[in-house]
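# Survey of secondary and tertiary structure
One-letter residues, chain by chain:
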Amino acid sequence: MPSASPRHSRRGAAVLRTSEQVAVRRIRWTLAIFAVLVLATTAKLVEIQVLDAADLAAVSERQRARTIELPATRGRIYDRDGDVLATSVQAATIYADPRAFRATETPDGLEVPAAAAAGDVAAALAPVLSQDAATITERLEEDRHFVYLARQVAHEMGEEVRALGLPGIGVLVEPHRLYPAGPLAGQVVGFTDIDAQGLQGLESVYDGVLSGTPGTLLLERAPGGLDIASGVRELSPPAVGTDVVLSLDREVQHVAELAAATAMEEYDAVGASIVVTEVGTGDILAMASTPGFDPNERGDEDPSDRRNRAVTDVFEPGSTQKALTIAAAVEEGIVTPSTTMSVADTISVSGSTFTDSASHATSQWTVTEIMERSSNVGTIQIAQELGPEQLDAYLRSFGYGRPTALGFPGESGGLLRHHEDWWGTSLPTIAMGHGVAVTLLQLAHSYGTIANDGVAVSPRLVRGTVGEDGRLSPVPAPPGERVISTTTAAAVRAMLEEAVHGEAGTGGLARVDGYRVAGKTGTARKPSEGGAGYSNQYIATFVGMAPADDPRVVVAVMIDEPWPFYGGLTAAPVFAEVMQAALVALRVPPEGAGDELPTALQLAAEHAARIADAEVAAADAAARAVLEGGPGLVGDAAGDPPAEQAAGVADPP
Amino acid sequence: MSAITAPLRRTRPELERSAQRHLRVVEEPAPRRTLAYAIVMIVVFGVAVFGTVSLNALAAGASVEARGLEAHVTEAERVYAQLVADVAALEDPARVRAAALEIGMTAPGPVRHLALERNLPADGALPDSRTPDEAADPLKPMLSAER
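Residues numbered from 1 in each chain as written. Chains lettered and ligands numbered in written order. Predicted model: local features only at pLDDT ≥ 70, side-chain atom pairs only at ≥ 80, totals over all residues.

Turning our eyes to something else, we now look at the overall build of chain A. Helix and strand content of chain A: 20 helices and 25 strands. In chain A, buried positions account for 40% of the 653 residues. Put simply, of all contacts in chain A between residues at least 6 apart along the chain, 70% involve residues at least 24 apart. (Helix = DSSP H or I, 4+ residues; strand = E, 2+ residues; numbered from the N terminus. Buried ≥ 20, exposed ≤ 12 C-beta atoms within 10 Å, placed from the backbone. Contact = placed C-beta atoms within 7 Å.)

Here is the structure:
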């Protein structure tokens, strides 16, 4: 076989090279194109995954994720024993989408008919919501996307509306603040608005503690709006609000409110306030003011009825302050309880004449007798020896002239001028409780200092908080501040005891069966509203403590414009009623040895027999009235004949 | 024997192989089992789809059950909160007093107290089983029971 010529060999090699180069070139082009595509893809990925990641993630989340805010349950408010004063329940809120009741068009121009007639829906809702159908119709025809038809109504009502299955009508669940005891301690506890924000009282002060932190529920939803059952579901549970435990005792508070309301009615007064504090701790067991209001039914009451007058309103303490003036003098060693003074029934100071409430011959009275008889003249004489600077300093130490550490909204600090601003008659006037103004809480606090062996302890309304573990975290006890010595405090208590139990004492009606009481009456004219001077209206007060030798409770009573106006006649019996309830609530045993069991049983039997006798007598009287009215006729307990009998008598044959 | 080596002489077949080295003998491809491969893929795909759907169904079922339980818990909490409020309203001293007067009860007489020979396990007398920590928190039993 002949071999190929060199020329042919070169041509063949060239052809082969050309073919190989073409293939290589094509591969390179292909690789280049792929490289460009990969680079473009990578660049796009970097743009999506890195540069625009946050924005795109947000867009994605908006499209598919739905975040539902879970409202936190507001904490409860308890009294000192754990009884509920304020709590939250689930209520139903009925709303409507008025767009459902009118024909509309889609963006594509398609007509969407109304889901139902507004009038028909309103007619169906009216009996359930107890509203006028016309009113509901008017709301359904508003040019809005959302209207409330009823907020925070009973859960059952919401279920009833839901069962109707009305188009365009929805039911939401909302927390509703409830005060189970109604008006009990309403001015102290306060209230929230419809969105559970504290507005007044302790609800406002402790709003940050009570409200808790809302939670969130993140869901994924399909394009139709339905939740994706197997989708992302992230729950951040709401933090329940912290409970607050008050120092109030529900039973004592009730007795105080009842006593204040009764006094207001019985003495034809315009208002009454009562404060009950525990000695040593400063715990406020009760703080009542009438007229009151029910936080569950706000709207119709006088706004002034919402005021906690025991801390917001000031008045002249009158003779109740004599105890503080005399305590200062005893502490300064100016007088002792047995110091005898010559006391006339009038005294002139800086051209003004001050008199005792009853005229009497000039007498040699001890300081104790001056307190017992509530002598203005004797107290002024003691104050003159004490001097304005010392009196001013002691009154401020007792808590006058500044708010207490309670921190209650609207709390007043009272009125007490600096002694350098006093004029000639200020010393005698202030010494007997005029020309100075205090809140009832300040007055109770000052007597609490005397009861607590001379150590002032700031009053408090909150004992502690209760977290989710159910444990009470006590609020630190307020520090005490010594104002007078233990000896002076005991001496003043003994004098105050004479003011109640002494023969000439003005506070005899404040006595409590089984206990020795120390206290002081007060009667002060109210300043004129229009200008200087005093009106003919009075403030009657009584402040005291029991048991006198080792006080556990202080009760302060103020009655605004009572008749009769003397504190010893009006405020003192109210004090006795409230003090007895407070001593029982604190389980303070009566003084003296307890009864032996047989004696106690016999006394109890006698008491029961007296009640039974009274009931039998009442039943006899009723039966006699019925029998006298004729057989076969039924009368009520008052003996009034029924209508048929009355008609028979009036219509003789 | 000469010290100079002779040039390497190549035989013709070697030269031809060298000139045609970019070509190779391609063997007849082995018969592919396309049908079996397709069946396996379909089965795998089917199992994957079935598994995914089944898992989704199970997840959806569990989710629905969880929703039901959550609704049950929510309803129980609502009822509990309402009952707490109802109890507090029924214990309201004003209501109790009105109810007592309505059934003919009267206010108690003067407070009396007995001198007992020994303490009784009543209010104020702590049982020995309580720890000092518990005894220092008188509210705990009541509030813990509520929660």
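A tally of helices and strands in chain B yields 5 helices and 0 strands. Put simply, chain B runs from its N terminus to its C terminus through helices and strands in the order α-α-α-α-α. With 147 residues in all, chain B has 3% of them scored as buried.

All names here are of chain A. Take E142: it is sitting in the loop between α4 (133-140) and β6 (147-153). As for E142 and E411, which are separated by 269 residues in sequence, their C-alpha atoms are 45 Å apart. Setting aside anything within four residues of it in sequence, one finds E142 in contact with P98 and V147.

With that settled, the discussion passes to the environment of A:D193. All names here are of chain A. Tracing the backbone through its elements, the reader meets D193 in the loop between β8 (191-192) and β9 (198-200). In this structure D193 comes out as exposed when scored by C-beta crowding, with 12 C-beta atoms within 10 Å. Note: C-alpha distance between D193 and R177 (16 residues apart in sequence) is 8.7 Å.

Moving on, we get to helix α14 (residues 388-397) of chain A. All names here are of chain A. Listed in full, the buried residues belonging to α14 are L391, D392, Y394 and L395. Contact partners of the buried residues in α14: α11 (322-331), α13 (376-386) and α15 (426-431). Following α14 by one or two positions, G399 adopts a phi angle in the positive range, close to 110°.

Now for the nonpolar core. Residue and element names in this part refer to chain A. Grouped together as the largest cluster of nonpolar side chains are 149 residues, with contacts concentrated most on I274 and V578. Ranked by the residues each element gives to this core, the list is headed by helix α18 (residues 567-585), at 11 residues. When residues of this core are assigned to domains, at least three map to each of domain 2 (67-243) and domain 3 (250-585). If we skip the residues at most four places from it in the chain, I274 touches A256, A259, A260, A286, A288, V555, V557 and V578. (Core = buried A, V, L, I, M, F, W, Y, C linked by C-beta atoms within 7 Å. Domains from an automatic or database assignment.)

This paragraph deals with unusual backbone geometry. Residue and element names in this part refer to chain A. Of the consecutive residues T290 and P291, the connecting peptide bond is found in the cis state with omega at 0°. Within the element layout of this structure, P291 appears in the loop between β14 (284-290) and α10 (309-312). Its identity is not glycine, yet S130 carries a phi of approximately 55°, on the positive side. Locating S130 in the fold gives a position in the loop between α3 (118-129) and α4. You will see that S350, though not glycine, has its phi angle at about 50°, which is positive. Along the chain, the position of S350 falls in the loop between β16 (346-349) and β17 (352-355). S350 sits in the exposed class, given 10 other C-beta atoms within 10 Å.

Quick look at the sheet that holds strand β25 (residues 553-560) of chain A now. Residue and element names in this part refer to chain A. The strand order across the open sheet built from 5 strands is β14-β13-β25-β24-β23, with neighbouring strands paired in antiparallel fashion. Both edges of this open sheet fall to β14 and β23 (518-527), since each of them pairs with a single strand only. With strand direction ignored, the average angle separating the axes of adjacent strands in the sheet is 10°. Of the strand pairs in this sheet, strand β13 (residues 271-278) and β14 are connected by 6 bridges, and their pairing is antiparallel. By the bridge assignment, I274 is partnered in β14 with A288. (Pairing = 2+ DSSP bridges. Axes fitted to C-alpha atoms, helices over the stretch in contact; angles between N-to-C directions.)

Right, let's get into the domain arrangement of chain A. Assigned domains within chain A: domain 1 (21-65), domain 2 (67-243), domain 3 (250-585) and domain 4 (597-650). Between domain 1 of chain A and domain 3 of chain A, the C-alpha centre-to-centre distance is 85 Å.

Residue and element names in this part refer to chain A. The sheet contact formed by β23 and strand β24 (residues 534-546) spans 9 bridges and is antiparallel. Residue pairing across strands places R525 opposite Y538, the latter belonging to β24. Note: β24 against β25, 8 bridges, orientation antiparallel. By the bridge assignment for β25, A540 is matched with I559. Count of turn residues in the β24/β25 antiparallel hairpin: 6 residues.

A separate point is the packing of helix α9 (residues 250-266) of chain A against α18(A). Residue and element names in this part refer to chain A. Interhelical geometry of α9 versus α18 gives an angle of 165° and a closest axis separation of 9 Å. Judged on the interaxial angle alone, α18 and α9 are roughly antiparallel. Pair α9 / α18 crosses with right-handed handedness. Within the contact between the two elements, α9 uses E251, V252, V255, A256, A259 and A263 and α18 uses T570, V574, E577, V578, A581, A582 and A585. Counted by class, the contact of α9 with α18 contains 10 nonpolar, 1 polar and 2 charged residues. (Parallel < 35°, antiparallel > 145°, perpendicular 65-115°, else oblique. Left-handed = near helix turned anticlockwise from the far one by under 90°. Nonpolar A, V, L, I, M, F, W, Y, C, P; charged D, E, K, R; others polar.)

Let us now look at the sheet that holds strand β11 (residues 233-236) of chain A. All names here are of chain A. Here 3 strands make up an open sheet; going across it, the order is β1-β10-β11 and the pairing antiparallel. Bordering the open sheet on either side are β1 (65-70) and β11, each of which pairs with just one other strand. Strand-to-strand twist across the sheet, computed as the mean angle between neighbouring axes with direction ignored, equals 15°. Across 4 bridges, strand β10 (residues 215-220) lies against β11 in antiparallel orientation. Residue pairing across strands places L218 opposite E234, the latter belonging to β11.

Let's shift gears to helix α3 (residues 93-102) of chain B. Since one α-helical turn is 3.6 residues long, residues separated by three or four positions face the same way. α3(B) sits mainly on the outside: 0 of its 10 residues count as buried. Count one or two residues on from α3(B) and you reach B:G104, which has phi positive near 95°.

Here we take up the confidence of the model for chain B. All names here are of chain B. A residue-level look at chain B finds 59% of positions with pLDDT of 70 or above and a mean pLDDT of 75. When the elements of chain B are averaged for pLDDT, helix α5 (residues 140-146) gives the smallest value, 40, and α3 the largest, 93. Confidence drops under a pLDDT of 50 for residues 134-147, and excluding neighbours within four residues, the segment shows 18 contacts in the predicted structure. (pLDDT = per-residue confidence, 0-100.)

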